[in-house]
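The chain contents come next:
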Amino acid sequence: MSAPLFSLKQYQIQTLSSLRRFLEKAVEFNDADTAFYSVTKRPYTSLPGLPGLPYVCLRIPTGGGKTILAAHSVGVATDSFLRTDNPTVLWFVPSQVIRDQTLATLEDRAHPNRLALVERFGENIRVMGLTEALYAKRSDYDGGAVVIVSTIQAFRVEDTEGRKVYDPNGELMDHFSVLPDGLRSILELDTNGDPVPSLANVLRLRRPMVIVDEAHNARTTLSFDTLARLKPSLIVEFTATPVTPDEHDPARGNYASNVLHHVSAAELKAAEMIKLPVVLRGRPEPKETIGDAIAWLDELVTLAGAEEKKTGEFVRPVMLIQAEARSKDRQTLHPEEVRRLLIEDFRVPKDHVAVATGDAREIDGVDLFDRSCPIRFIITQQALKEGWDCSFAYVLCSIAEQRSPRAVEQLLGRVLRLPRAKRKQHEELNRAYAFATTTSFQNAANTLRDGLVGNGFERVEAQALVRTAPEVIRGLEEGGSAFVFEEALPEGIDANSFKTNIETATGGRVEVDVATGRIRARGTLTDYDRTAMLLAVPKEASQSVVALVNKSRGARLRSTEPTDAPVRFAVPLLAVKTPSGPQLFDRAHFLDTPWKLEESDPGSILDFFVPPKPAGEEARLDIDNGGQITVDFVTDLHQQLALALQERGWTKNALVNWLDRRLPFSSRRDITRISSTLFISKVLNILEEKANLGLEGAARAKFRLVEALVRTIAKHREIREASAFERALFPQSGLEFETNSSLELVFDESRYSYRQPYRGGTNFKKHQFRVIGDLETSGEEYDCAVYIENHLETQAWVRNTVQPNSFWLQTSSDKFYPDFVMLLKDGRILVVEYKGGHLASADDAKEKRLIGELWAERSAGKCLFIMVENREFERIDRLIRDSRAG
């Protein structure tokens, strides 16, 4: 199946923005510790042997797309931190299997992972494994970005392959033929004092960016020693399960991960990346568990067919069955025994079943996405092969009772990915399903929740995301026996022969009581059962068989709303009246595009750009007043990278075009290329006239110049947008505003997303959703939430998060997401924006109040808006009371 082309999801853009912001701060402060605290307000954990090195973790749960984010992070780090066009990247993966897969995607010119690199570097990219890297020439590195994919084990000196990394290698001599004096000091030298021509020294010259995939496998003291020896420029971890502060214990070699950004399960679900919730069904007997699971798989297959008729998207639901291990001491339901059960007792065709264990690899090389692939059941034990991924896997069926979350953790991750990262019209196809053999339903639920935590989800989220079957499926009850369905024995047949044939065909799950003349089925009958029974009985008995199957299907698992379904909560949006109907008010209504940037003052660049110091000023180790060694890490890094690369000759046009290409989309979204290049050319003229910075100096400082251009353009844009926005709200603008239900946002739990779940102990019963997003456990906003929860007029409320499916109003520069939205008992909507005393005078407060009050004013009394400051919550009471009186 070819990889689909796709744009980055909003949470992925936010993740990369967090990385960019941190790295820009690291350059600004020349210090990773200060930069990390500035961005996260949490302390930074320095690692042994890596002083000053930016080493951060991006926590991405299963199904979040760690590899595509890692590929995009190369460009982000190059521009915001490394400031070079020729970065070297060491991409560490946990196994050889993942290495091969990662190499394949990065080498495939049509794959999104490769295209993420192309977006920044064009085709000036060299991707290689460790063996190729041992022979790569200097020209390979000077020509563009170099990405070396390997396991970290392969770089350890005790490993056979690892020794080659550090041994002299004649193939690499050209890297060391002409070395500036400033670089010799960072290299490993031989007994004669000459640089060892090794791959390790090549990497030390290039100061590689290190990407660590599934970093929890590479956080040992030995791994840190290995990384330190390669002298990296920065390290970025991508993992679902970082080392937490509670696990931090340097004496034992455990160091907490510096989690820079955490993606929540809600963000993944809202982005249509994963199937949630996970619906759990428990049975005490393995055969009952298998029967229920097969019946539900049949239902999903039927729904998938209906989905394809509606949307054209093909989905073929697959079940993963977790079998027991073989035992010499007792009889177990091992993989081959489960295969026998499926084929003999449940009449599953042989080609529908595959076993995937260490000994049996029946799905290797099989394209499970192929329409002609017959496999519907994959039997395994503890885990599938590393890197295995099939989003068609919908059902996890555990034969033996599992008490350890580790036993279900990896397999659970296999059923979470949503096919084609696209929400389905049939809600059942947006969920994952777990059928467990258990005598304790609560234990099974807790094990499943622990398994979600092991896949990178917060425990608070996992608690809400594992749903028991009765909450969402009609026809299943917690524990107990399977339902029993009966039908009369047909007349005029050989009853004993019928009994033998039916019970054999169904493995005893359908019983025939000759004495009472009844046919009894335990549990829902599957499509396989129906076919097997019709083939096993005479034609005159087929009507009774069909009737029995239909009775069981009448109680088949159907989606239903829980009895305590929340009230409909819809918020009218601010619109502009047009001849073609109302349009959501946004930037397009007050900004003319394209923007003629060249008409703006280029002299503003001097407010953001400081000319570079003379080249002789180097970073050095120093001792601070407390006796601690300090390092100007970033300055030192940039000088070394500049020495390692021979700078080309520049013309003015070449530099203008280079600077223009480096401007991020956010800076040039409303500017033509002609406009931006004209402005940049004027900026270079100003720098030469006012700062005495010629072409050569500007070229040396080109990365800093890009940063200054971004800030200069942002300042001009801010002035332009604020003025245009204010004019748009005046009556003279010609815009006619309205707020009504013709355009509305409906709060939907399946689309509610947030960065962090609320972890406090207050029970917010009126909140519209189970989990509250982005609310601290104390502070002014928390107090506001408590006040809203306890207000007598509150029917329901939502913590409105800064996410795509939340309520927003347009301001001059961006979208304004008020803090709280209340549904009052009289049906009106009250929007509350809270501003603490230190924020009440912020520049944007005036705009937010202006647009909020306009939204309320144009609602004909159906909506209210208030900005509360300094815990003056009683103003909410007055607004509700006065609005009624008016």
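Before reading on, note that the structure itself is shown above.
Below or above, wherever it landed, is the structure these notes cover. Not measured: the values here are computed from a predicted model.

Criteria and thresholds
Along each chain, numbering runs from 1 in the same order as the chain's sequence is written. In keeping with the model being predicted, local features are shown solely for residues with a pLDDT of at least 70 and side-chain atom pairs are shown and tallied solely at 80 or more, while totals for entire chains, interfaces and linings include all residues. Excluded from the side-chain calculation are hydrogens and water; included are all heavy atoms of the structure. By definition, any uninterrupted DSSP run of H or I lasting at least four residues is a helix, any uninterrupted run of E lasting at least two residues is a strand, and each is numbered from the N terminus. The classification of residues rests on relative accessible area computed with a 1.4 Å probe and restricted to protein chains. Under 20% of the type maximum is buried, over 50% is exposed, and intermediate values are partly exposed. Residues are treated as being in contact if the distance between any of their heavy atoms lies within 4.5 Å. Per-residue and other accessible areas were derived by the Shrake-Rupley procedure at a 1.4 Å probe size, with only the shown protein chains allowed to occlude residues. Within this scheme, the nonpolar core is defined by two criteria: the residues are buried Ala, Val, Leu, Ile, Met, Phe, Trp, Tyr or Cys, and they are joined through side-chain atoms within 4.5 Å. When DSSP finds at least two bridges between two strands, those strands are taken to pair. Helix axes are fitted only over the stretch in contact, all axes being lines through C-alpha atoms; the angle between N-to-C directions runs from 0 to 180 degrees. By definition in this entry, angles of less than 35 degrees are roughly parallel, angles greater than 145 are roughly antiparallel, angles of 65 to 115 are roughly perpendicular, and the rest are oblique. Each crossing gets its handedness from the near helix: less than a right angle anticlockwise from the far helix is left-handed, clockwise is right-handed. Charged residues are taken to be Asp, Glu, Lys and Arg, nonpolar residues to be Ala, Val, Leu, Ile, Met, Phe, Trp, Tyr, Cys and Pro, and polar residues to be all remaining types, Gly included. Counting of polar contacts relies on pairs of N or O atoms within 3.5 Å, with two restrictions inside protein: one atom must be capable of donating a hydrogen and the other of accepting it, and residues adjacent in sequence are counted only when both atoms are side-chain atoms. Each salt bridge in this description consists of a side-chain nitrogen of Lys or Arg and a carboxyl oxygen of Asp or Glu lying within 4 Å of one another.

Okay, the overall build of the protein chain next. Helix and strand counts for the protein chain stand at 30 helices and 30 strands. Counting only residues that meet the buried cut, the protein chain has 53% of its 886 residues in that class. Here the analysis covers contacts within the protein chain between residues at least 6 apart in sequence; of these, 73% occur between residues at least 24 apart. Accessible surface computed for the protein chain: about 38800 Å², of which carbon and sulfur atoms make up 49%.

Now for the nonpolar core. Ranked by internal contacts, the top residues of the largest apolar core, which has 155 residues, are Phe81, Leu199, Leu342, Phe377 and Val395. Among the elements that line this core, the one with the most residues is helix α3 (residues 66–82), at 9 residues. With residues near it in sequence (within four places) discarded, Leu342 still touches Ile290, Ile294, Ile321, Arg347, Val348, Val353, Phe377 and Ile379. Counting residues in each nonpolar core, the second largest holds 38 residues, with Phe569, Phe585, Phe807 and Met867 among its members.

Reading across from one edge, β10-β11-β9-β12-β13-β8-β14 is the order of the 7 strands in this open sheet, with parallel pairing throughout. Looking at the sheet topology across the chains shown, the edges are occupied by β10 (353–355) and β14 (466–468). When the angles between neighbouring strand axes are averaged without regard to direction, this sheet yields 25°. As defined by bridge partners, β10 adjoins strand β11 (residues 377–380) across 3 bridges and the pair is classed as parallel. Directly across from Ala354, in β11, lies its bridge partner Ile378.

For any two helices packed against each other, one specifies the inter-axial angle together with the distance between the axes. In the contact formed by helix α4 (residues 96–107) and helix α5 (residues 112–121), the axes pass within 6 Å of each other and the chain directions differ by 55°. Relative to α5, the element α4 is oriented oblique. Taken as a pair, α4 and α5 cross one another with a handedness that is right-handed. Here Thr105, Leu106 and Glu107 of α4 lie close against α5, whose contacting residues are Asn113, Arg114 and Leu117. Across the contact of α4 with α5, the residue classes break down as 2 nonpolar, 2 polar and 2 charged.

Buried residues dominate strand β6 (residues 234–239), accounting for 6 of its 6 residues. Alternating positions in β6 separate into two faces, Leu234, Val236 and Phe238 on one and Ile235, Glu237 and Thr239 on the other, with burial throughout. The pairing of strand β1 (residues 55–59) with β6 spans 5 bridges and is classified as parallel. Paired with Tyr55 across the two strands is Ile235, which belongs to β6. When strand β5 (residues 209–213) meets β6, the two strands line up parallel, connected through 5 bridges. Note that in β6 the partner of Val212 across the bridge is Glu237.

Mapped onto the fold, Arg206 is located in helix α10 (residues 199–206). Classification of Arg206 by relative accessible area gives buried; the value is 8%. A distance of 2.9 Å separates a polar atom in the side chain of Arg206 from a polar atom in the side chain of Asp142.

Moving on: the pairing of strand β30 (residues 863–869). Residues in a regular strand project their side chains so that they alternate between the two faces of the sheet. In terms of burial, β30 is largely enclosed, as 7 of its 7 residues are buried. Along β30, one buried face is formed by Cys863, Phe865, Met867 and Glu869 and the opposite face, lined by Leu864, Ile866 and Val868, is buried too. Bridge count for strand β29 (residues 829–835) against β30 is 7 bridges, and the pairing is parallel. Paired with Tyr834 across the two strands is Val868, which belongs to β30.

This part is about the pattern of salt bridges. Counted by the stated rule, this structure contains 51 salt bridges. Across the salt bridge formed by Asp783 and Arg871, the nearest N and O atoms sit 2.9 Å from each other. A residue pair is termed long-range when its members are at least 10 positions apart, and Asp783 in helix α28 (residues 780–790) and Arg871 in the loop between β30 and α30 (874–885) qualify at 88 residues. Of the residues examined, Asp783 reaches a relative accessible area of 26% and is grouped as partly exposed. The exposure class of Arg871 is partly exposed, given its relative accessible area of 42%. As a salt-bridge pair, Arg884 and Glu793 come within 2.7 Å of each other at their nearest N and O atoms. Remark: Glu793 occurs in the loop between α28 and β25 (794–799) and Arg884 occurs in helix α30; sequence separation between them is 91 residues. Each of Arg587, Asp670, Arg717, Arg720 and Glu721 takes part in salt bridges that share partners, so that together they form one network.

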